[in-house]
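# Structural characterization, general
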There are 2 protein chains.
Amino acid sequence: MAARADTSKTAESSDKVSVICRALRRAIIEQALEPGAKLPEDSLGERFGVSRTIARHALGQLAAEGLVELRRNRIAVVATPSWQEARDAFDIRIELERLVVRQLAGKLTKPQIAELNAHVDAEDRARDGTDAVSIRLATEFHILLAHMTNSPILVRYVSEVAYRCCLTLSLYSRPHSSECAINEHRAIIAALAKGDVDKVMGLMHSHLDSVATRALVTPSPQRGRDLLDILAPYADEASGEKVVKLPKAVRR
Amino acid sequence: MAARADTSKTAESSDKVSVICRALRRAIIEQALEPGAKLPEDSLGERFGVSRTIARHALGQLAAEGLVELRRNRIAVVATPSWQEARDAFDIRIELERLVVRQLAGKLTKPQIAELNAHVDAEDRARDGTDAVSIRLATEFHILLAHMTNSPILVRYVSEVAYRCCLTLSLYSRPHSSECAINEHRAIIAALAKGDVDKVMGLMHSHLDSVATRALVTPSPQRGRDLLDILAPYADEASGEKVVKLPKAVRR
DNA sequence: ACAGCCCGAACTGCATGCAATTGCAGCGCC
DNA sequence: GGCGCTGCAATTGCATGCAGTTCGGGCTGT
């Protein structure tokens, strides 16, 4: 039951803008929309049966979350975080999630523990599904934890940064074996239930750290980064090196 | 030369929406707009010389940052964070800023240190100004620090959460003596320059913690939610307070 | 006199229209 | 053949218009 239909405090609830936001968010983190994919306002509006105004508003929200890049007078695109930004996001995420488990250790109710276990079971069952889904589930485990702190702000930040990490994982990571992640999730639940603050903070730290380092070992964006943007700063002094213009691989 | 000309990283640069956002943000954290103040789209549009569409978009962004509360079909109001939310915000802020100084310790350039010192000097000069301004400057010191990490994500989160804390300080704190804050800022700069990671993390922690505890000891509005708004007309026992419900803050 | 109802004003939700900017394809020039 | 230019189509930036909802004040019934 992932019903959690509560969107509550944070400005978004049931209007069309939020619906589009959620849909796009999910599409992005499941890689249905790759980083760099174009998101023209009218196409979105047409797709979701709303006007450009609404699509535009949704894009604005997603841009505020860092999932979408918005350049003036240009088509919005799915964000393409740099490797450094990915590292930064993970650093922040580690701190935030340590805070989460610190607040949660020993304070979980039985139903909450059951809910967590159920979620991990779901992760387990999804192991033979697509990679995108298992990544999403793993991410949602962390968001579920954040929810249990009853701190809307913490939920928002953890969600955002987790989504960003999801996005970067899709960029810089190859098929990851979710097995160990699941085991680590179980270990975290156990330590939380036992109330061992230090243990659980350490677990969470190493869990995220391992994901980060395992995923982000390759600072060479094999593809997908639009080189033109990368090279923009070098345009001034790029006299000696001949910069060939690559054949725009990502065309539609 | 604070010409931090970074456009486009964080979606907001030079369009009218961002202008309005910045203006409102500042008005809010300087308490020109009190928590609970109404922000009708038309009035904002009129005030800033734009249409409702733009004002609406700006409100959306500010709502995403938690500075504005947006209820469907209702006039937007400046957010009124509960006391618990204030605590949560400070908790998060402490972690984030510890991360900031951890990354910064020993890595600051001379110009950066000079810039920081200049800012604190400005804080010093503003001591005889209004409280709102000195609070804003103190907040901006922390944001300036975050900027120096060169991590856009960190900048965004620190800024947001710092603004939120600013907002709550205006709610739950009485006139605070900024003197010690200034000294603590100087101490932090010194420790950063010396590169003493542990020292500076401890300093930052206690700095923020002291601000938080000094400020948040009084949950005077029992729950702080929009209950406060409801009770405003019946402001008998809340006598000492200046709760004029709304002199139509932004009315032509 | 008081409570409840009703109606108008105010406001938001959303779509559409128009001007301005950008992307791009084709064309001419070197 | 490659490079730069030009004009058109695509797309955004923004304002305005209309419909639906909420708020508040006055009126009526008791």
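The structure reproduced in this document is the subject of the present report.

Analysis parameters
- Residues numbered from 1 in each chain as written.
- Chains lettered and ligands numbered in written order.
- Predicted model: local features only at pLDDT ≥ 70, side-chain atom pairs only at ≥ 80, totals over all residues.
- Heavy atoms only, no water.
- Axes fitted to C-alpha atoms, helices over the stretch in contact; angles between N-to-C directions.
- Helix = DSSP H or I, 4+ residues; strand = E, 2+ residues; numbered from the N terminus.
- Parallel < 35°, antiparallel > 145°, perpendicular 65-115°, else oblique.
- Left-handed = near helix turned anticlockwise from the far one by under 90°.
- Contact = heavy atoms within 4.5 Å.
- Nonpolar A, V, L, I, M, F, W, Y, C, P; charged D, E, K, R; others polar.
- Near = heavy atom within 4 Å.
- Polar contact = N/O pair within 3.5 Å; in protein donor to acceptor, adjacent residues only side chain to side chain.
- Buried area = accessible area lost by both parts, 1.4 Å probe.
- Salt bridge = Lys/Arg side-chain N within 4 Å of Asp/Glu carboxyl O.
- Pairing = 2+ DSSP bridges.
- Buried < 20%, exposed > 50% of the residue type's maximum accessible area, 1.4 Å probe, protein only.
- Least-squares fit on C-alpha atoms with pLDDT ≥ 70 in both.

### Topic: the packing of helix H6 (residues 131–147) of chain A against helix H7 (residues 152–172) of chain A
Residue and element names in this part refer to chain A. The geometry of H6 relative to H7 is characterised by a closest axis approach of 9 Å and an angle of 165 degrees between their N-to-C directions. Between H6 and H7, the interaxial angle falls into the category roughly antiparallel. Helix-helix and strand crossings are classified by hand; for H6 and H7 the assignment is right-handed. Facing H6, whose interface residues are Ile135, Thr139, His142, Ile143, Ala146 and His147, H7 presents Leu154, Val155, Val158, Ser159, Ala162, Tyr163 and Cys166. Per-class residue counts for the contact of H6 with H7 are nine nonpolar, four polar and no charged.

### A word on the protein's contact with DNA strand D
With respect to spatial proximity, 18 residues lie near DNA strand D, and among them Arg52 and Arg56 of chain A together with Ser51, Arg52 and Arg74 of chain B are the closest. A share of 66% is what sugar and phosphate atoms reach among the atoms of DNA strand D within 4 Å of the protein. At 3.1 Å, a side-chain N or O of Asp42 of chain A approaches a phosphate oxygen of DNA strand D. Contact between DNA strand D and Thr53 of chain B: a base oxygen at 2.9 Å from a side-chain N or O atom of the residue. Where the surface near DNA strand D is concerned, the elements lending two or more residues are helix H2 (41–48) and helix H3 (52–65) of chain A together with helix H3 (52–65) of chain B. No other element matches the three residues that H3 of chain B contributes to the surface near DNA strand D. Per-class residue counts for the surface near DNA strand D are four nonpolar, five polar and nine charged.

### Overview of the interface of chain B and chain A
At the interface, 33 residues of chain B touch 33 residues of chain A. In total, about 3000 Å² of surface goes out of reach between chain B and chain A, with carbon and sulfur atoms giving 55% of it. The largest per-residue losses of area from chain B upon contact with chain A belong to Glu95, Ile153 and Tyr157 of chain B, which jointly make up 21% of the total buried on that side. At the boundary of chain B and chain A, one finds four salt bridges. Its salt-bridge partner being Arg102 of chain B, residue Glu95 of chain A comes within 3.4 Å of it at the nearest N-O pair. Summed over the shared surface of chain B and chain A, the number is 12 residue pairs in polar contact (both at pLDDT 80 or more). Contributions of two or more residues to the side of chain B that touches chain A are made by H3, helix H4 (83–104) and helix H7 (152–172) of chain B.

### What to know about the side chain of Arg136 of chain B
Structurally, Arg136 of chain B can be placed in helix H6 (residues 131–147). Ignoring sequence-local partners within four residues, the contact set of Arg136 of chain B consists of Arg26, Ile29 and Glu30 of chain B.

### Digging into the sheet that holds strand E1 (residues 38–39) of chain B
All names here are of chain B. Spatial ordering of the open sheet is given by E1-E3-E2, a layout of three strands whose pairing is antiparallel. The open sheet has two edge strands with one neighbour each: E1 and strand E2 (68–69). Here two bridges tie E2 to strand E3 (residues 76–78), and the two strands are oriented antiparallel to one another. Counted as the bridge partner of Glu69 is Val77 from E3.

### With respect to the environment of Ile20 of chain B
Residues and elements named next belong to chain B. Here Ile20 shows up in helix H1 (residues 16–29). On the accessibility criterion, Ile20 (2% relative accessible area) is buried. For the pair Ile20 and Val50, spaced 30 residues apart in sequence, the C-alpha separation works out to 9.5 Å. Here Ile20 is in contact with Phe48, Val50, Ile54 and Ala58, once residues within four sequence places are set aside.

### With respect to the relation of the copies chain B and chain A
Superposition of chain B onto chain A requires a rotation of 180 degrees combined with a translation of 0.1 Å along the rotation axis, giving an RMSD of 0.2 Å. On this basis, the relationship between the two copies can be described by a two-fold rotation axis. Both copies present the same face, since 97% of the interface residues in chain B are matched by interface residues at the equivalent positions in chain A.

### A look at the packing of H2 of chain A against H3 of chain A
Residue and element names in this part refer to chain A. Across the interface, H2 lies against H3 with an axial gap of 8 Å and an inter-helix angle of 110 degrees. Viewed along their axes, H2 and H3 adopt a mutual orientation that is roughly perpendicular. On the side of H2, the interface is formed by Glu41, Asp42, Leu44 and Gly45, while H3 contributes Arg52, Ala55, Arg56 and Leu59. Across the contact of H2 with H3, the residue classes break down as three nonpolar, one polar and four charged.

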